[in-house]
Amino acid sequence: MMPSDSQAIQTDNLTKVYRDFWGRDKVRALDDLNLTIHRGEVFGLLGPNGSGKSTTIKLLLGLIFPTRGRASIMGHPAGSPAVNERIGFLPEESYLYRFLNGEETLHFYARLFRIPRKERNRRVPKLLDIVGLDAKARKRKLREYSKGMARRIGLAQALINNPDLILLDEPTTGLDPIGTREMKDLILSLKAQGKTVLLCSHLLADVQDVCDRITILYRGKMQTLGLVKDLLQVRDITDIQMKGASDQHIAQLKDFLQSIGAPNATFSHPTTTLEDLFVRIVRENKDA
Amino acid sequence: MFAYFPDFIANNPGLFLAAAIVLIGLFGLGLKDLLRLSPTRLWAVSTIALQQSFRRRVLWITPLLILGIVTVCQLQKSFDAQDVIRQTTMVCLFASGLLVTLLTIILAATNLPREIENRVIYTIATKPVTRLEIVLGKIVGFARVSFWILFIMGLFTYGYLHLRNYTLRNYVSAQLAAPGAVDDSIRPTLEYYREHGLLHARDLGLPDSLNLYSHLPTSPTDRWIPGLLEGEMLVRFTIDPLRIPRADPAADPASTRGGVFLHLPILYRSVSRPPSNPRPATSPTTLPVPRISFGLFNANKTAVITNRELGAPQGIEIPNAGDILTLLIPPKALAQLLPPNPNASPADLFLQITCDSDAYEYSMSRDGLAISVPETRHRFLPVTDIAFAGRDGAYGQQLRGGSDAPNRVALYRFTNQKPHPTQAPFRLFEVRLGVERLEEDASSYITLDFLNRDTGQLAPTIQTSVETNRSVYLNVPASAVDSGNFDVIIKTPSNAWLGLRDGPLASLKFVKHDQSFALNLVKSLFIIWLMSLLVTIIAIFASTFLSWPIAVVLTVVVLSGHWAAQQVVDVQSSTGIGRQIVNDLMPRDIDPASARAVSSSVDALVYTLNSVAAILPDISQFSAIQEIQQGIAISPAVVIFPALQVTFGFGLPLLVLAYAFLKYKEVAP
Ligand SMILES: Nc1ncnc2c1ncn2[C@@H]1O[C@H](COP(=O)(O)OP(=O)(O)OP(=O)(O)O)[C@@H](O)[C@H]1O
Ligand SMILES: [Mg+2]
């Protein structure tokens with residue numbers, strides 16, 4: 001398939017085998033991934049620990065090279081400097097220069113994009129506001145930052161170039177509930193601006209709230225792919241929800257359901273259904 | 001022209017390899033990245049390296065180092081004012097160079113592996129930065145670090161030397177003012193210090209030639225060397241191999257085909273011994289037989305033929321005066337001297353002659369001196385004048401003096417060495433030589449006569465006392481030297497051997513001009529900076545594929561490899577050592593096959609070490625200290641260009657390799 005500029009990300013049989021020093025295969029971290037992410041969508045990459053999510057992102061960024069297959073981003077091969085102009089990346093942990101302070105960090109990354117000084121002076125404080133680092137925190141060295149503060153500055157550096165495609169590897173780890181909320185709002189506002197977001201996360205509730213489509217990886221293999229609302233819809237089961245039902249109400253409902261020929265109806269409290277899906281897929285594959 | 005091309009590659013493998021790496025790497029693999037190269041990004045990457053070093057308090061080393069330097073300098077023992085300055089300069093620059101080198105090795109070799117280890121590289125490499133910009137940016141960054149360190153150390157060195165100069169000058173003035181405190185022979189030297197201070201950057205006039213004779217020549221042909229192998233005559237021929245018929249391997253072994261005749265018009269005459277030292281009474285009244293030894297060797301001394309090879313290890317008798325001594329160099333011996341390829345271009349051969357028996361002095365005329373081909377009678381004539389030299393000693397050519405050899409002279413010839421115009425009645429000369437004293441505690445002195453060759457004017461004899469490697473300054477009447485063409489005749493009446501040097505380290509130098517010392521210091525620091533730049537490149541190169549401790553070790557190995565290989569085999573003199581070892585060390589009756597095996601394996605080892613030395617950078621080219629220490633103006637052509645050549649000749653290909661390695665490296669651990 002031709003990589004086309006209309007796709008934000010496209011991978012063809014993308015495979016990564018980690019080898020040891022002697023060239024022997026060690027881990028098959030990613031196996032024949034075929035993925036297309038459209039422009040303007042928020043895409044969730046899910047999977048248990050060690051399923052190959054970060055590996056996928058590193059391949060997409062050219063930090064590591066595929067054993068087989070290809071990845072292209074906005075029509076360019078992964079890792080090419082030209083395409084990096086339009087990408088923002090928040091790694092799993094904040095890998096930044098710890099001897100710089102918050103402001104210097106952003107100025108440094110802005111210089112790598114050759115953003116002129118005037119524009120930098122405008123953009124840096126604005127971003128620091130967006131990620132919620134106050135005036136005091138900006139002047140402190142990153143080595144003194146708390147985990148959440150480090151996440152925030154990491155996010156700011158990912159947005160410094162006003163990217164079209166943003167790759168977020170577990171963006172909410174280390175953030176407090178308010179931070180998590182703000183992160184979700186930010187992702188939605190990025191979507192509203194027409195940007196593409198690739199999101200890796202374990203926090204399924206977050207993913208469910210913001211993602212248009214998701215895929216679930218397990219042991220390097222893609223298991224499911226689809227729209228969140230389709231994946232979570234189970235067609236021959238109907239869920240009836242009501243508030244404040246008393247035991248008497250429930251007994252009456254049971255009787256009624258039996259009379260219309262649905263004797264095995266179950267009654268439960270709703271759960272995060274994505275979690276169900278996730279757990280089911282992981283369990284099914286474990287048994288297989 | 002293309003036929004010569006492979007020869008050129010074979011002769012310059014290092015250069016060819018370097019050019020190939022740069023061309024392929026930069027314009028093949030890296031053309032895209034080269035075109036994208038942005039100074040803004042490069043500078044941003046380099047600034048990070050600089051900030052990182054500074055915030056790790058690297059600059060704090062400088063005050064510590066300064067403290068160390070001052071302590072060392074205070075504890076040093078020096079024998080005169082100039083020596084104080086020399087040692088201080090040496091300590092300051094040596095310490096700065098060492099600090100900057102060590103620091104850049106450690107900073108540069110650890111930088112990239114650490115960034116990969118702590119994954120900061122993730123956020124760098126995913127920005128629109130090319131790997132070329134990363135490599136270059138880091139090199140520039142550490143070059144900036146060493147620049148600032150050298151800047152601080154340079155300021156300190158300048159200030160400290162000026163302080164010492166000031167106190168020493170006051171001290172010398174006080175010494176000169178006190179009546180009788182100063183010996184007349186060193187007065188000009190001290191006056192020079194008082195007038196000019198001790199911080200110099202002088203423009204020196206070097207002699208064209210140095211010849212040592214058994215007595216002062218009275219005419220151009222009256223040139224003699226002493227016996228006892230204390231003198232030698234040297235001359236160069238250029239031999240065209242095409243002119244010599246090939247030896248026929250099947251021919252009669254006695255055939256001269258492929259060999260040459262050596263025609264030596266040697267002269268000798270008996271010398272009357274000084275009455276103070278008569279011959280022992282027991283010696284026979286008949287004079288001993290005069291003999292010569294000769295050596296014929298090629299330009300890099302990889303092959304030598306001596307009288308030994310002709311079956312006369314004791315030397316060859318000289319026929320009656322006036323007869324020409326003719327020797328046959330047999331085909332086999334000659335074949336070793338000439339290039340193996342019969343179509344090769346003409347090659348230089350050097351002829352060296354030494355003579356035995358001090359009952360005579362010896363000479364050779366250029367008339368009749370030739371190498372001839374038996375078959376064609378073609379004669380190769382010498383292409384240089386005959387040089388008369390002294391035996392090599394610890395400090396250069398040995399000039400014997402004292403009552404035993406009162407007539408021996410050394411003659412320095414200066415040509416076209418005009419001083420900068422001044423009104424001063426005197427011109428300054430620096431003498432710096434070696435003394436191999438024969439008696440303990442005796443003081444040595446020399447006499448110098450300056451003769452203006454254009455006017456024939458002879459200046460009054462100057463006498464001065466000398467010490468090994470200590471500079472003495474002489475005031476010479478301007479009229480004797482201002483034409484720029486003059487001879488200096490040196491004799492040593494005291495009972496000592498002098499060691500005199502020729503060339504850039506000549507023992508007698510004409511001080512033509514004094515330049516700014518500060519500029520000289522800047523040049524020295526620049527050379528140190530160039531070295532640190534090369535060190536940075538090597539370290540970064542090593543760190544692209546090795547963990548940092550191994551990268552540090554590899555950097556040190558690469559830096560010292562050339563020097564180490566040269567310690568094992570001196571490139572100049574010991575190629576062809578295989579045959580020498582067989583000749584000198586093996587038992588005489590060893591069978592030819594094992595002799596050949598030993599000889600060729602020794603040669604192979606030497607060849608390997610020489611190749612290693614040829615490929616690794618020669619850091620002795622970064623000679624930043626010698627000139628400034630001796631107060632000589634650093635000449636760009638002699639000192640700075642070779643340093644630039646090594647830095648870029650070696651650094652550029654390594655930089656390209658570092659880039660290529662990083663480009664194809666997975667930077668996620
Ligand atoms: N450099 C490496 N060398 C060898 N194996 C590796 C390397 N990096 C990752 N792996 C392996 O590849 C697999 C996938 O790792 P990856 O980091 O992509 O997982 P992940 O989905 O991001 O997990 P997590 O949710 O814990 O972040 C794991 O089994 C891991 O051990
Ligand atoms: Mg991960």
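So, here's what we can say about the structure. Worth saying up front: this structure is predicted, and the values here are computed from it rather than measured.

Here the distance between the centres and the angle between the planes together describe a pair of aromatic rings. If you walk through the whole model with that rule in mind, you get 24 aromatic pairs over all chains. Between A:Tyr95 and B:Tyr122, the aromatic rings sit 5.3 Å apart at their centres with planes inclined by 85°, giving edge-to-face as the arrangement. Note that A:Tyr95 is positioned in the loop between strand S6 (87-90) and helix H3 (102-112) and B:Tyr122 in helix H7 (residues 120-125), a pairing that runs across two chains. Per residue, the accessibility class of A:Tyr95 equals that of B:Tyr122, and both read buried. When the ring of B:Tyr268 is compared with that of B:Tyr360, the centres are 5.2 Å apart and the planes differ by 85°; the resulting orientation is edge-to-face. Residue B:Tyr268 is located in strand S6 (residues 266-270), and its partner B:Tyr360 is located in strand S12 (residues 360-364); the two are separated by 92 residues in the primary sequence. Across the pair, exposure class does not vary: B:Tyr268 and B:Tyr360 are buried alike. Taking NZ or CZ as reference, B:Arg144 lies 3.7 Å from the ring centre of B:Trp43, over its face. Over the aromatic face of B:Trp224 sits the side chain of B:Arg269, whose NZ or CZ is 4.3 Å from the ring centroid.

Take the pattern of salt bridges next. Summed over the entire model, instances satisfying the criterion amount to 35 salt bridges over all chains. The salt bridge partner of A:Arg213 is A:Glu41, with a shortest N-O separation of 2.8 Å. Pair noted here: A:Arg213 is in strand S9 (residues 213-218) and A:Glu41 is in the loop between strand S2 (25-38) and strand S3 (42-46), with a separation of 172 residues, a long-range link. Take A:Arg213: its relative accessible area is 13%, and that puts it in the buried class. For the salt bridge of A:Glu85 with B:Arg36, the shortest nitrogen-to-oxygen distance reads 3.3 Å.

Opposite the 31 residues of chain B that make contact, chain A presents 27 residues. Across the interface of chain B and chain A, roughly 2800 Å² is buried in total on both sides, 66% from carbon and sulfur atoms. Sorting the residues of chain B by area buried against chain A places B:Arg55, B:Thr126 and B:Lys127 first, and these three jointly supply 21% of that buried surface. The interface formed by chain B and chain A includes 3 salt bridges. The residue B:Arg55 makes a salt bridge to A:Glu104 at a minimum N-O spacing of 2.9 Å. The tally of links between chain B and chain A comes to 13 residue pairs in polar contact (both at pLDDT 80 or more). Looking at the side of chain B that touches chain A, the elements that each hand over two or more residues are helix H4 (39-55), H7 and helix H8 (131-177) of chain B. Split into classes, the residues belonging to the side of chain B that touches chain A amount to 12 nonpolar, 8 polar and 11 charged.

To continue, consider the sheet that holds S6(A). Residues and elements named next belong to chain A. A sheet is described by the order of its strands in space; here 6 strands give the open sequence S6-S7-S8-S3-S9-S10, paired in mixed fashion. Strands with a single pairing partner mark the edges of an open sheet, and in this sheet they are S6 and strand S10 (221-227). Going from strand to strand, the sheet's axes swing by 15° on average, the running direction of each strand aside. Summarising the sheet, S9 and S10 pair through 6 bridges and their orientation is antiparallel. Residue pairing for S10: Leu217 is matched across the bridge by Met222. Against the sheet, helix H1 (residues 53-61) touches S3, S6, strand S7 (165-169), strand S8 (196-200) and S9, its axis set at about 150° to S7. Here helix H6 (residues 147-159) sits on the sheet and contacts S6 and S7; the angle it forms with S6, its principal contact strand, is near 170°.

This part is about helix H7 (residues 177-192) of chain A. All names here are of chain A. Helix length check: H7, at 16 residues, gives a terminal C-alpha distance of 23 Å against a target of 22 Å (1.5 Å per residue), a fit within 8%. Inspection of H7 places Gly179, Thr180, Met183, Lys184, Leu186, Ile187 and Leu190 among the buried residues, and these make up the whole buried set. In a view along the axis of H7, the buried residues occupy a sector of 160°, so they form one face of it. Residues of H7 that are exposed and point more than 90 degrees away from the buried face comprise Pro177, Ile178, Arg181 and Ala192. Its buried side turned inward, H7 meets S3, helix H4 (117-131), H6, S7, S8 and helix H8 (204-210). A positive backbone phi angle near 85° is found at Gly194, which sits one or two residues after H7.

A few words on the site of ligand 1. Close contacts around ligand 1 come from 16 residues, with A:Asn49, A:Gly50, A:Lys53, A:Ser54 and A:Thr55 the closest. Site remark: ligand 1 is flanked by residues from chains A and B. Here an oxygen atom of ligand 1 and a side-chain polar atom of A:Asn49 are 2.9 Å apart. Here an oxygen atom of ligand 1 sits 3.4 Å away from a polar atom, N or O, in the side chain of A:Glu170. Coverage of ligand 1 by the protein amounts to 72% of the 630 Å² it exposes when considered alone.

All right, on to the coordination of the magnesium ion (ligand 2) then. All names here are of chain A. Coordination of the magnesium ion (ligand 2) by the protein is provided by Ser54 (OG) and Glu92 (OE), with metal-donor distances spanning 2.0 to 2.6 Å. Here Ser54, found in helix H1, pairs with Glu92, found in the loop between S6 and H3; they are 38 residues apart in sequence, far enough to count as distant. Using a relative accessible area of 27% as the deciding quantity, one classes Glu92 as partly exposed.

Residues in a regular strand project their side chains so that they alternate between the two faces of the sheet. Residues and elements named next belong to chain B. Burial of S12 is extensive: 5 of the 5 residues sit out of reach of the surface. Where burial is concerned, the two faces of S12 agree: the one with Tyr360, Tyr362 and Met364 and the one with Glu361 and Ser363 are both buried. Where strand S3 (residues 225-226) lies against S12, 2 bridges are found, and the strand directions are antiparallel. Bridge pairing in S12 links Pro226 to Glu361. Across 5 bridges, the pairing between S6 and S12 is antiparallel. For Tyr268, the partnering residue across the bridge sits in S12 and is Tyr362.

Thresholds applied
- Residues numbered from 1 in each chain as written.
- Chains lettered and ligands numbered in written order.
- Predicted model: local features only at pLDDT ≥ 70, side-chain atom pairs only at ≥ 80, totals over all residues.
- Heavy atoms only, no water.
- Phe/Tyr/Trp six-rings, centres within 6.5 Å; stacked < 30°, edge-to-face > 60°.
- Helix = DSSP H or I, 4+ residues; strand = E, 2+ residues; numbered from the N terminus.
- Buried < 20%, exposed > 50% of the residue type's maximum accessible area, 1.4 Å probe, protein only.
- Lys NZ or Arg CZ within 6 Å of the ring centre and 35° of its normal.
- Salt bridge = Lys/Arg side-chain N within 4 Å of Asp/Glu carboxyl O.
- Contact = heavy atoms within 4.5 Å.
- Buried area = accessible area lost by both parts, 1.4 Å probe.
- Polar contact = N/O pair within 3.5 Å; in protein donor to acceptor, adjacent residues only side chain to side chain.
- Nonpolar A, V, L, I, M, F, W, Y, C, P; charged D, E, K, R; others polar.
- Pairing = 2+ DSSP bridges.
- Axes fitted to C-alpha atoms, helices over the stretch in contact; angles between N-to-C directions.
- Expected span 1.5 Å × (residues − 1).
- Arc of directions from axis to C-beta.
- Near = heavy atom within 4 Å.
- Areas by Shrake-Rupley, 256 points an atom, 1.4 Å probe, with all protein chains shown as cover.
- Donors = N, O, S within 2.8 Å, 3.2 Å for Na, K, Ca; no water.

Remember, this is a structural readout, not a statement about activity or role.
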